[in-house]
Amino acid sequence: MLFNSYEFIFVFFPVVISIYFLLGKIDGRKDSNFANVWLIAASLFFYGWWDIRFLPLLVGSIFVNYFIAGGILKFGSSGKTSGSKFFFGLGLLFNIGLLGLFKYADFVLETFNRLGANFNLLHLILPLGISFFTITQLLYLYDCYEGTTKDHKFSSYALFVSFFPHLLAGPILFHRQMMKQFADKNLRRPDFENLSRGLTLFIIGLSKKVLIADELSPIVQAAYSSPAELSSGAAWFAAICYMLQLYFDFSGYSDMAVGLSKMMNLEIPINFNTPYRATGMINFWQRWHISLTNAITACVYMPIIRKFKTRTTFHTITASFIAFFIVGIWHGAGWTFVIFAIINALGIVANYLWKQKKFSMPKILAHCITLFYIMITLVFFRANSVTDALTVLEKLFVFESGDFGIPRILTLAIFCAGILIVAFCPSSNDIAKKLKPSIISAAILTILFILSILHLAAITEFLYFQF
């Protein structure tokens, strides 16, 4: 089930939120937890709607990680560090092994086959959301191991992992951000302001997805299907279109996720903050997929830094490179993603050294260089193969005349509108936070919603589902 589908918008979510608040009234009068149990059931139904075969995988992952976390907490509280280390290691082995099996196994086997081996590929279907619910649980195990969480109530943990707004494509949650909210029975009552702001965010996210990202998709698909046939102008246009498509698709999903949660009085992390206005790669990753950046920084970068007695430039560079290489390779299996990871990691290191030397340049120049660098990384991110990526890059750097293939007027208008929104509009969360109820704002949101609903005839998945 997708956020951008009739069944979700008009049936699933209205039923879920209505029963949630109804049960919340009962919980408020009794020592019960019906509302949260209902959300767990609804979330599992939401996940199983995609493919019921993978529902046991999600449920099994929750039970195994809950058991492992219990072991970590038990030995940690008694001061037996060897026991907590064992269970934490077991958790790493289980989760990384699970993710590796479904996401990376065929890539590794293919690589060995190219070197002369003859392994049979597994051809496993990548379960939807496995990257997100796996890293979410790894973060919980890390918090347990570090002693920053003591909460081990099963219903809270199961909801933390399976909560449907973030389950398939984030934002990535930290356990400590959510447990107090799940336990607060006062939040299980309708709040008009949260309903209003949440609905605003949902409509903005929905319109980003269906009115902009999906309209640019055919241009990108055609270009990357036959990159050798592109002229230089068409390659530039397609590369910029993909930057816009990816941004409006993923930020649209994140806006909808935050909006759905807010309507239920639950605050989940904001994942985007005008990332294409960044003036460096460090600044970009502080604005793009913020929850992933924060997670890898907390659980990879900082532990590596703490291993060194004295923090030198070399240590910082090493930790930064490793952390952002993991950020890159987390997105997918394939040499295009390996190169994407390396380029991003090198960009972070170069940006760090530039800042350490206290060099400076005009802000507009820094902005343009950053955008160009991001565009290069996203060529590898989108291309079907390294060869295709290099072909597109050749078109970008070596001028080749040819038929540009002028897009239809509507696509050009959306392309220009997307650039203007990226360049000048405040973030979706700022709009929702500052928007005051009025006839004009209500009319604009109503028009956006109607236009979006009319475009749902051709429902498309979100791009980050494949990662």
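Please refer to the structure higher up on the page.
Just so we're clear, the structure is a prediction, and the values are computed from it rather than from any experiment.

*Asks:* For this particular structure, what's the right way to read the overall build of the chain?
*Replies:* In terms of regular secondary structure, the chain is built from 19 helices and 0 strands. Here the chain has a C-alpha radius of gyration of 23 Å; the compact-globule value for 467 residues is 23 Å, and the two agree. Summarising its shape, the C-alpha atoms of the chain cover approximately 70 × 60 × 50 Å along the three principal directions. Partitioning the intrachain contacts of the chain with sequence separation of at least 6 by distance along the chain shows that 76% fall at a separation of at least 24. Carbon together with sulfur atoms contributes 68% to the accessible area of the chain, which is approximately 21500 Å² in total. Charge-centre separation for the chain: the mean point of 36 positive side chains lies 13 Å from the mean point of 24 negative side chains.

*Asks:* Looking at this structure, I do not really get empty space enclosed by the protein. What am I missing?
*Replies:* Where empty space is left in the structure can be found by rolling a water-sized probe over the atoms. Evaluated as defined, the whole model comprises 2 cavities of 30 Å³ or more. In this structure, the largest cavity spans a volume of roughly 70 Å³. As for the largest cavity, its lining consists of 12 residues, and the residues nearest its centre are Phe-284, Trp-285, Trp-288, Phe-340 and Leu-378. For the lining of the largest cavity, the elements supplying multiple residues, two or more each, are helix H11 (281-287), helix H14 (335-356) and helix H15 (363-382). Looking at the lining of the largest cavity, its residues break down into 10 nonpolar, 2 polar and no charged. In terms of lining residues, the second largest cavity is bounded by Lys-208, Tyr-247, Ser-251, Asp-255, Phe-272, Asn-273, Thr-274, Ser-427, Ser-428 and Asn-429. Mapped onto the lining of the second largest cavity, the elements with two or more residues apiece are helix H10 (232-263) and helix H18 (428-434). Residue contributions to the lining of the second largest cavity peak at 3 residues, all from H10.

*Asks:* Would you mind going over the side chain of Glu-215 with me for this structure?
*Replies:* On the secondary structure map, Glu-215 appears in helix H9 (residues 192-225). Excluding anything up to four places from it in sequence, Glu-215 contacts Val-210, Arg-408, Leu-410, Thr-411, Ile-414 and His-455.

*Asks:* Help me understand the packing of helix H4 (residues 81-114) against helix H5 (residues 130-146) in this model?
*Replies:* Helix-helix packing: each pair is described by the crossing angle between the helix axes and the interaxial distance. Look at H4 against H5: their axes get within 10 Å of each other, and the N-to-C directions meet at 170°. Here H4 is positioned roughly antiparallel relative to H5, judged by the angle of their axes. Counting all contacts with H4, which are made through Ser-84, Lys-85, Phe-88, Gly-91, Leu-92, Asn-95, Leu-98, Leu-99, Phe-102 and Lys-103, the residues of H5 involved are Ile-130, Ser-131, Thr-134, Gln-137, Leu-138, Leu-141, Tyr-142 and Tyr-145. Classifying every residue of the contact of H4 with H5 by side-chain character gives 10 nonpolar, 6 polar and 2 charged.

*Asks:* I tried to follow the state of the cysteines on my own but got confused; where do I start?
*Replies:* Should the sulfur atoms of two cysteines be covalently bonded, the bond is a disulfide. Scanning the model with the defined rule gives 0 disulfides in all. Here Cys-144 is not disulfide-linked; the sulfur of Cys-299 is the nearest cysteine sulfur, at 12 Å. With a relative accessible area of 5%, Cys-144 lands in the buried category. Cys-416 takes part in no disulfide bond, and the closest cysteine sulfur to it belongs to Cys-241, at a distance of 9.8 Å. Judged by relative accessible area, which is 41%, Cys-416 ranks as partly exposed.

*Asks:* Is there a simple way to think about a nonpolar patch on the surface in this case?
*Replies:* Together, Trp-354, Phe-359, Met-361, Ile-364, Leu-365 and Ile-369 give the surface a local cluster of nonpolar side chains, amounting to about 570 Å² of exposed area. Among the elements that make up the nonpolar patch, the one with the highest residue count is H15 (3 residues). Inspection of the secondary structure puts Ile-364 in helix H15.

*Asks:* So what exactly am I meant to see when it comes to the environment of Ala-389 here?
*Replies:* When you line up the elements, Ala-389 lands in helix H16 (residues 386-397). C-alpha of Ala-389 to C-alpha of Val-379: the two residues are 10 residues apart in sequence and 5.8 Å apart in space.

*Asks:* For this particular structure, what's the right way to read the pattern of salt bridges?
*Replies:* Side-chain pairs of opposite charge can arise whenever the charged atoms involved come near each other. Scanning the model with the defined rule gives 8 salt bridges in all. Where Arg-53 meets Asp-51, a salt bridge forms, and the shortest distance between an N and an O atom there is 2.7 Å. Residue Asp-51 is classed as buried on the basis of its relative accessible area of 15%. Taking the shortest distance from any N to any O, the salt bridge between Glu-193 and Arg-197 comes out at 3.1 Å. Remark: Arg-197 and Glu-193 occur in helix H9; sequence separation between them is 4 residues, near one turn of the helix. Given the relative accessible area of 47%, Glu-193 is considered partly exposed.

*Asks:* Would you explain the side chain of Thr-411 in this entry?
*Replies:* For Thr-411, the location among the structural elements is in helix H17 (residues 409-424). Taking the relative accessible area as the measure of exposure, Thr-411 reaches 3% and is therefore buried. With near-sequence residues (within four places) excluded, Thr-411 lies in contact with Glu-215, Leu-216 and Ile-219.

*Asks:* Even after reading the chapter, I still don't get helix H12 (residues 290-307), so can you show me in this structure?
*Replies:* Think of an α-helix as turning once every 3.6 residues; residues three or four places apart then point the same way. The terminal C-alpha atoms of H12, which comprises 18 residues, lie 25 Å apart, in line with the 26 Å expected from a rise of 1.5 Å per residue. Where H12 bends most, at Thr-297, the angle is about 40°. Within H12, burial applies to Ile-290, Ser-291, Leu-292, Thr-293, Ala-295, Ile-296, Val-300, Tyr-301, Pro-303, Ile-304 and Ile-305. The inward-facing, buried residues of H12 contact H5, H11 and helix H13 (313-329).

*Asks:* Explain H15 to me, please; I cannot follow it from the model alone.
*Replies:* Its 20 residues give H15 an end-to-end C-alpha distance of 28 Å, which sits within 8% of 28 Å, the value for a rise of 1.5 Å per residue. Considered for burial, the residues of H15 that qualify are Ala-366, His-367, Thr-370, Ile-374, Met-375, Ile-376, Thr-377, Leu-378, Val-379, Phe-380, Phe-381 and Arg-382. For H15, the secondary structure elements touched by its buried residues are H9, H10, H11, H14 and H16.

How each quantity is defined
Residues numbered from 1 in each chain as written. Predicted model: local features only at pLDDT ≥ 70, side-chain atom pairs only at ≥ 80, totals over all residues. Heavy atoms only, no water. Helix = DSSP H or I, 4+ residues; strand = E, 2+ residues; numbered from the N terminus. Rg over C-alpha atoms; globule rule 2.2 N^0.38 Å. Contact = heavy atoms within 4.5 Å. Areas by Shrake-Rupley, 256 points an atom, 1.4 Å probe, with all protein chains shown as cover. Lys, Arg positive; Asp, Glu negative; His and termini not counted. Charge placed at Lys NZ, Arg CZ, Asp CG, Glu CD. 1 Å grid on protein atoms, 1.4 Å probe; cavity = no way out; pocket = protein on both sides within 12 Å on 5 of 7 lines; lining within 4 Å. Points joined across faces, edges and corners; volume = space filled by probe spheres on them. Nonpolar A, V, L, I, M, F, W, Y, C, P; charged D, E, K, R; others polar. Axes fitted to C-alpha atoms, helices over the stretch in contact; angles between N-to-C directions. Parallel < 35°, antiparallel > 145°, perpendicular 65-115°, else oblique. Disulfide = S-S within 2.5 Å. Buried < 20%, exposed > 50% of the residue type's maximum accessible area, 1.4 Å probe, protein only. Patch = residues over 30% accessible without salt bridge, like charges linked within 9 Å, V, L, I, M, F, W, Y side chains within 5 Å. Salt bridge = Lys/Arg side-chain N within 4 Å of Asp/Glu carboxyl O. Expected span 1.5 Å × (residues − 1). Bend = angle between axes of the 7 residues up to and from the residue.

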